[in-house]
Amino acid sequence: MIQLQYLSKNREEINKMETHVDWLGCATFRLKIGELTIFLDTYMDRVPSAPKVGLTAENVTEANFILIGHSHFDHIAGAETIALNTGATVIGSTETTNVLKGAGVDSRKLRIAQGGERYKLNESVSVKVFPSLHSCIWIPKTFDAGTNEPQTGHLYVTEDERWCCRPPANFPDSTDPKLIADIKKHRENTLGSNQIGGALCFLIETPEGSIFFQDTSGCWTGIISDIRADVAILAMAGRPNIDGEPIQGSLADYIGMMVSMLKPKSVFLGHHDDWMPPTTRDHSSDASLAPIRERISLVRPGTELVTPGYLDNTSLFV
C-alpha cells in the first residue's frame, strides 16, 4: 500500500507541468507548458519608435509550435524566422500557410486550420481551433477611441460599401518625416499579407487548465458562449466585431462580454500597447485599464485582470 501511494504521488508530480506565459508586445505571447514552448503570434520586431519587448525573432532558440491568429504583418511577422531556426510547427489559416511557404518554411511544418480542428501538441496538451472575426478595420480612425468611449453607427453596411470609400490612413500633421519613413520601410520589409485569411482563436487544453487565445477583437458569440477557459488572453484594439457587425459600445463592453461568456479565472490583454506609434494608441496604462477592471468585476466577480510587462514570466494555474 505504501509503495502504491508513493507511485501514485510520483506519477502526479510527473504529470503536473508548470505553465508560464510571457507577453511579447502587441498580440504576441509565449507559453511554456512543462518542456513545451508555444508561441501565440510572433510579432516582436517592431518599428524603431515602438518600445522594445526584450526578445527578437532571430534570438528565439526554443519553439515547438506557433499558433497564428491571422496573417496580417503585426501577427505573423517573425513566424518564418522562428520556424526556420527551431523547426516549430505552425498552425494557421490557408493564407498563413501560403505566406510562410513563400518565406521558405517547409510545408511539412505547416498545419492548415479554419476552425473545428483539434491538434495534439504532446501527450497531454492539445489545442482546439475555432473560427473568429477580425476587428472592424474598415472603419476610419478605428484605433482612436479610448477603452471606455462608446462607438456607435456603421451598422448593416455591405462588404462592398465598407471598403470602397475608406480613406487611406494618414499620419498626424506633426509626425516626424523620419518616423513616417521608418514605418513605410517596416511595412515594405515585414512578412505579412493584406488579407486576413480567416481569423482564428484557440483553446489550449493542459492537465492543469485551459487557455483561450485570440489576437484581434472580434468573435462569433454563438461559438464563444460554448467555450469555457481558465485563462483568457483577449485582444483589445480597434472597433470590436460582434457577429459581423461593429460593436455598439466600447472596448470595455467588449472585454466584459467576452469574460461573461468564457468565465475565466484570470484575464490577460493583448494588442493594447503602442506597437506602431503614432498610428496606434497605448491602452496599457492604469488609467486606461481601470474601466476594463471595473467591467470584469461587474460581470464576473473574482476574475483577475493580470497586467504583466514584457517578458514577466507569469505563472498560470497556481
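What counts and what doesn't
- Residues numbered from 1 in each chain as written.
- Predicted model: local features only at pLDDT ≥ 70, side-chain atom pairs only at ≥ 80, totals over all residues.
- Heavy atoms only, no water.
- Disulfide = S-S within 2.5 Å.
- Salt bridge = Lys/Arg side-chain N within 4 Å of Asp/Glu carboxyl O.
- Buried < 20%, exposed > 50% of the residue type's maximum accessible area, 1.4 Å probe, protein only.
- Helix = DSSP H or I, 4+ residues; strand = E, 2+ residues; numbered from the N terminus.
- 1 Å grid on protein atoms, 1.4 Å probe; cavity = no way out; pocket = protein on both sides within 12 Å on 5 of 7 lines; lining within 4 Å.
- Points joined across faces, edges and corners; volume = space filled by probe spheres on them.
- Nonpolar A, V, L, I, M, F, W, Y, C, P; charged D, E, K, R; others polar.
- Polar contact = N/O pair within 3.5 Å; in protein donor to acceptor, adjacent residues only side chain to side chain.
- Pairing = 2+ DSSP bridges.
- Expected span 1.5 Å × (residues − 1).
- Arc of directions from axis to C-beta.
- Contact = heavy atoms within 4.5 Å.

**Comments concerning the state of the cysteines**
Counted by the stated rule, this structure contains 0 disulfides. For the unlinked cysteine Cys201, the closest cysteine sulfur is that of Cys219, found at 8.4 Å.

**Remarks on the pattern of salt bridges**
Counted under the stated rule, the structure contains 11 salt bridges. Asp106 is the partner of Arg108 in a salt bridge, and the nearest nitrogen-oxygen pair spans 2.7 Å. Note on Arg108: relative accessible area 66%, which makes it exposed. The partly exposed category is assigned to Asp106, whose relative accessible area is 32%. Arg281 is the partner of Glu149 in a salt bridge, and the nearest nitrogen-oxygen pair spans 3.8 Å. One end of the pair, Glu149, is in the loop between strand 8 (126–131) and helix 5 (159–164); the other, Arg281, is in the loop between strand 15 (266–270) and helix 9 (286–299), and 132 residues separate them in sequence. Residue class for Glu149 comes out partly exposed when judged on its relative accessible area of 40%. When salt bridges that share partners are traced, they join Glu159, Arg162 and Glu245 into one network.

**Considerations on unusual backbone geometry**
Pro277 connects to Pro278 through a cis peptide bond whose omega is 5°. Along the polypeptide, Pro278 turns up in the loop between strand 15 and helix 9. The phi dihedral of Asp243 is positive, around 55°, even though this residue is not glycine. Structurally, the position occupied by Asp243 is in the loop between strand 13 (241–242) and strand 14 (245–246). According to the relative accessible area criterion, Asp243 is partly exposed, its value standing at 34%. Here the phi dihedral of Phe317 falls at roughly 65°; this positive angle occurs in a residue that is not glycine. With respect to the helices and strands, the residue Phe317 is situated in the segment after strand 17 (314–316).

**With respect to the layout of surface pockets**
Taken as a whole, the largest pocket spans an internal volume of roughly 1,300 Å³. Lining the largest pocket are 41 residues, and of these Phe143, Arg166, Ala169, Arg187 and Thr279 lie nearest its centre. Grouping the amino acids of the lining of the largest pocket by side-chain chemistry returns 16 nonpolar, 17 polar and 8 charged. Reported here for the second largest pocket is a volume of approximately 240 Å³. Looking at the second largest pocket, it is lined by 14 residues, and the ones nearest its centre are Val231, Ser266, Leu316, Phe317 and Val318.

**Digging into the environment of Asp45**
Checked against the element boundaries, Asp45 lands in the loop between strand 3 (36–40) and strand 4 (65–67). It is 30 Å that separates the C-alpha atoms of Asp45 and Met17, two residues lying 28 residues apart in sequence. Side-chain polar atoms of Asp45 contact the backbone nitrogen of Ala57, separated by 3.4 Å.

**Some points on the pairing of strand 2 (residues 29–33)**
Counted residue by residue, strand 2 has 4 buried out of 5 residues, so it is predominantly covered. The pairing of strand 1 (residues 19–23) with strand 2 spans 5 bridges and is antiparallel. In the sheet register, Val21 faces strand 2, and the bridge partner there is Leu31. The antiparallel hairpin formed by strand 1 and strand 2 contains 5 residues in its connecting segment, where Gly25 sits at a positive phi of about 85°.

**So, helix 9**
Compared with the 20 Å implied by 1.5 Å per residue over 14 residues, the 20 Å span of helix 9 between its first and last C-alpha is a close match. Three or more residues of helix 9 are buried, namely Ser288, Leu289, Pro291, Ile292 and Ile296. Looking straight down helix 9, one finds that the buried residues subtend no more than 145° of arc, so they occupy a single side. Facing away from the buried side of helix 9 by over 90 degrees, the exposed positions are Asp286, Ala287, Glu294 and Leu298. In the core, the buried residues of helix 9 are packed alongside helix 8 (251–262), strand 15 and strand 16 (304–306).

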